[in-house]
Structures are given as C-alpha cells and as structure tokens.
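Reading the structure
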Amino acid sequence: MRFLSILLLISNFSFAQDEGAPYYAKEVRWAEQVEEALMDGEVVWLNASGHKFMSLYTASETETKQTAVIVHGLGAHPDWGQVVQPLRVALAEKGINTLSIQMPVLANDTDAYQYLPLLNDADQRIRSAVNYIKSQNLNADYLIAHSLGSVMSAHYLGDKTQPFKKFVAIGMPDLAVKYLSKVNIPTLDLYGTGDIRSVLNSVEDRANTAKHNQNYTQKQVDGDHFFNEKEALLIDAVMQWIR
C-alpha cells in the first residue's frame, strides 16, 4: 500500500528540477525513507503549489487543541533527527499536538541564499498546514522553526492574517533579519553558544530589527547549531518559554 502511495505521489511530481522550483524528486525520496522508518506520529499528505508534500502529525497524550507547526532547516525533512524529531515528539508528550511539515528543498550543494526564491512556496506550505489543523478542529498556536526554517517562518509571519500566537526561532541566521521587522507576535530567538557564524554574527542585528516587538526575547543556551547531545536543554528552553 505504501509503495502504491509513493507511485501515486511520483505521478504528481516533475523530476526535472526547474530553476527556482523545489527539488520535488528529492522530497519523494525523503518521504519514502521517513515513512519506512517512522516510529512516532502519522503521515499526513498536504497540498501546496499544485504538489503534495509530507507532514507528520503527532497527537498529544492529553486532550488539547493546542498545536505547534514545526519547520525544519536547510535540505532536511519533517523527521530530521536533530532538533526537529526530538521537538515534535517531546512536545506531544508534554501536551501539545505537533505537525512537522516538509519544506521546499534544493540539491545538496545549494546554499541558503539560493532558497530565497522559494519563500513564497514555503508560505503556501505553512498555510496548508494551518488549514489542515483548523480542519481537525485544532488551534495553530505555535510556529517552531530551525535554521533556514526560521527564515521561511519569519517571512510567512509578515502575513497579518496568520493565526499563530507564538514563534520560536532556533538558530536563526542573518537571512531572517529583514523579515523580523514584520513579525509582531511573541518571539523566542533561541541560539547556542557554539552556533554557526551566520547566527552568532547577526545577534545584534536581529535584536535591533525586532525592537518594535515588545515580546521579542533572545536567549543563548549551551549547545551547537543542532543541539547535539543537548536535546533535553533545547526541549526545556522551548517548553518553558511557551508555557
């Protein structure tokens, strides 16, 4: 059955990667790998820009409508082992439903700047996730993003009709600076002591750009960009601020 679903998915994708378009063939490969290895949550297929994309819904162990959309970083997938998978599972265990979504990806050797033409496509994917959450009679309360995903999320949050109550940006790089000026909801800018250069060098710029937002908070904790061996610290920092 899974093989059939993958074949149907492939029929909707063009394997020739157009310039400025997501690498849909790579998404198909990610989807097959994730579905085969999935331990927590369930696969939900969503639509944006005329294409299907994978998301992983993990229901809370409690009766709640609170839901977090989780956005991965550069070239990754919705069950990425660093940051994304630990958060999507831990938040569900702590009383928040999570929907981790596949964002647009490009070839492996592509840098973050080359993703900028895909920001509108990323917006549509987050909107699709919100629509799904609402269709399940749940609330889209939190937008939690890592690395390049925080750039995509900050760009999306410029839409005044967006429903999220709080934004958690983990390892937010310099590309997000220009979009923070339009983010008005409570924001946690969380980064590690050993984070990557584009994050550490833009700390002051991010703070200055977000001065209009009285509920913007920067917090540095012990860890690298992927919080390797610091997952518990990452989860605690996110949960404490959300609560």
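This text goes with the structure placed above it.
Let me begin by describing the structure that accompanies this report. Every value quoted in this text rests on a predicted model; they were computed, and no experiment measured them.

As a further point, take the sheet that holds strand E2 (residues 51-58). Pairing between sheet strands relies on hydrogen bonds along the backbone, with the strands arranged either parallel or antiparallel. Reading across from one edge, E1-E2-E4-E3-E5-E6-E7-E8 is the order of the eight strands in this open sheet, with mixed pairing throughout. Edge strands, defined here as strands with exactly one partner in the open sheet, are strand E1 (42-48) and strand E8 (216-224). Direction aside, neighbouring strands of the sheet carry axes that sit 25° apart on average. Alignment of strand E5 (residues 139-146) against strand E6 (residues 166-170), held across five bridges, turns out to be parallel. If you follow His146 over to E6, its bridge partner there is Ile170. Against the sheet, helix H4 (residues 119-135) touches E1, E2, strand E3 (66-71), strand E4 (97-101) and E5, its axis set at about 125° to E1.

Our focus in this paragraph is the side chain of Asp195. Along the chain, Asp195 turns up in the loop between strand E7 (187-194) and helix H7 (197-200). A polar contact of 2.5 Å, which involves the side chain of Asp195, links it to the side chain of His225. Leave out the neighbours within four places in its chain, and Asp195 touches Gly171, Leu200, Gly223, Asp224 and His225.

A separate point is the pairing of E7. Across the eight residues of E7, six count as buried, placing the element largely inside the fold. Bridging between E7 and E8 involves seven bridges; their strand directions are parallel. Paired with Asp189 across the strands is Gln218, a residue of E8.

When the terminal C-alpha atoms of helix H2 (residues 24-37) are compared, their 20 Å separation across 14 residues agrees well with the 20 Å that a helix rising 1.5 Å per residue should span. Of all the positions in H2, only Tyr24, Ala25, Lys26, Glu27, Val28, Trp30, Ala31 and Val34 are classed as buried.

Running from N to C, helix H3 (residues 84-93) and helix H9 (residues 231-242) point in directions that differ by 55°, and their axes come no closer than 10 Å. As summarised for this structure, H3 and H9 are arranged oblique, according to the angle between their axes. Seen along the crossing, H3 lies across H9 with a hand that is right-handed. Together, Pro86, Leu87, Ala90 and Leu91 of H3 and Glu231, Leu234, Ile235, Val238 and Met239 of H9 make up the contact between the two elements. Grouping the constituent residues of the contact of H3 with H9 by class yields eight nonpolar, no polar and one charged.

So, about the side chain of Ser128. Note on placement: Ser128 falls in helix H4. We classify Ser128 as buried; its relative accessible area is 11%. Excluding its chain neighbours within four sequence positions, the residues that come into contact with Ser128 are Leu46, Asn47 and Phe53.

Okay, the nonpolar core next. Counting residues in hydrophobic clusters, the biggest one holds 41 residues, and the most contacted among them are Ile101, Leu143, Phe164 and Phe167. Of the residues forming this core, the biggest block, seven residues, is contributed by H4. Not counting the four nearest positions on each side in its chain, Leu143 is found in contact with Val69, Val71, Ile126, Ser153, Tyr156, Leu157, Phe164, Lys166, Phe167 and Val168. One finds Tyr142, Val168, Phe227 and Met239 within the second-largest nonpolar core, a separate group that totals 23 residues.

Here we take up the pattern of salt bridges. Counted according to the given criterion, the structure contains seven salt bridges. In this structure, the salt-bridge partner of Arg125 is Glu27, at a minimum N-O distance of 2.9 Å. With Arg125 in helix H4 and Glu27 in helix H2, this residue pair connects regions lying 98 residues apart in the sequence. Per residue, the accessibility class of Arg125 equals that of Glu27, and both read buried. One network of salt bridges, with partners in common, ties together Glu27, Asp121 and Arg125.

When you line up the elements, Lys219 lands in strand E8. With 31 residues separating them along the chain, Lys219 and Leu188 place their C-alpha atoms 7.2 Å apart. For Lys219, the contacting residues outside a window of four places in its chain are Leu188, Asp189, Leu190, Tyr191, Ala237 and Gln240.

Helix length check: H4, at 17 residues, gives a terminal C-alpha distance of 24 Å against a target of 24 Å (1.5 Å per residue), a fit within 8%. Along H4, the positions that sit buried rather than exposed are Leu119, Asp121, Ala122, Asp123, Arg125, Ile126, Ser128, Ala129, Val130, Tyr132 and Ile133. Once H4 ends, the next one or two residues include Asn137, with phi positive near 60°.

Parameters and conventions
Residues numbered from 1 in each chain as written. Predicted model: local features only at pLDDT ≥ 70, side-chain atom pairs only at ≥ 80, totals over all residues. Heavy atoms only, no water. Pairing = 2+ DSSP bridges. Helix = DSSP H or I, 4+ residues; strand = E, 2+ residues; numbered from the N terminus. Axes fitted to C-alpha atoms, helices over the stretch in contact; angles between N-to-C directions. Contact = heavy atoms within 4.5 Å. Polar contact = N/O pair within 3.5 Å; in protein donor to acceptor, adjacent residues only side chain to side chain. Buried < 20%, exposed > 50% of the residue type's maximum accessible area, 1.4 Å probe, protein only. Expected span 1.5 Å × (residues − 1). Parallel < 35°, antiparallel > 145°, perpendicular 65-115°, else oblique. Left-handed = near helix turned anticlockwise from the far one by under 90°. Nonpolar A, V, L, I, M, F, W, Y, C, P; charged D, E, K, R; others polar. Core = buried A, V, L, I, M, F, W, Y, C linked by side-chain atoms within 4.5 Å. Salt bridge = Lys/Arg side-chain N within 4 Å of Asp/Glu carboxyl O.

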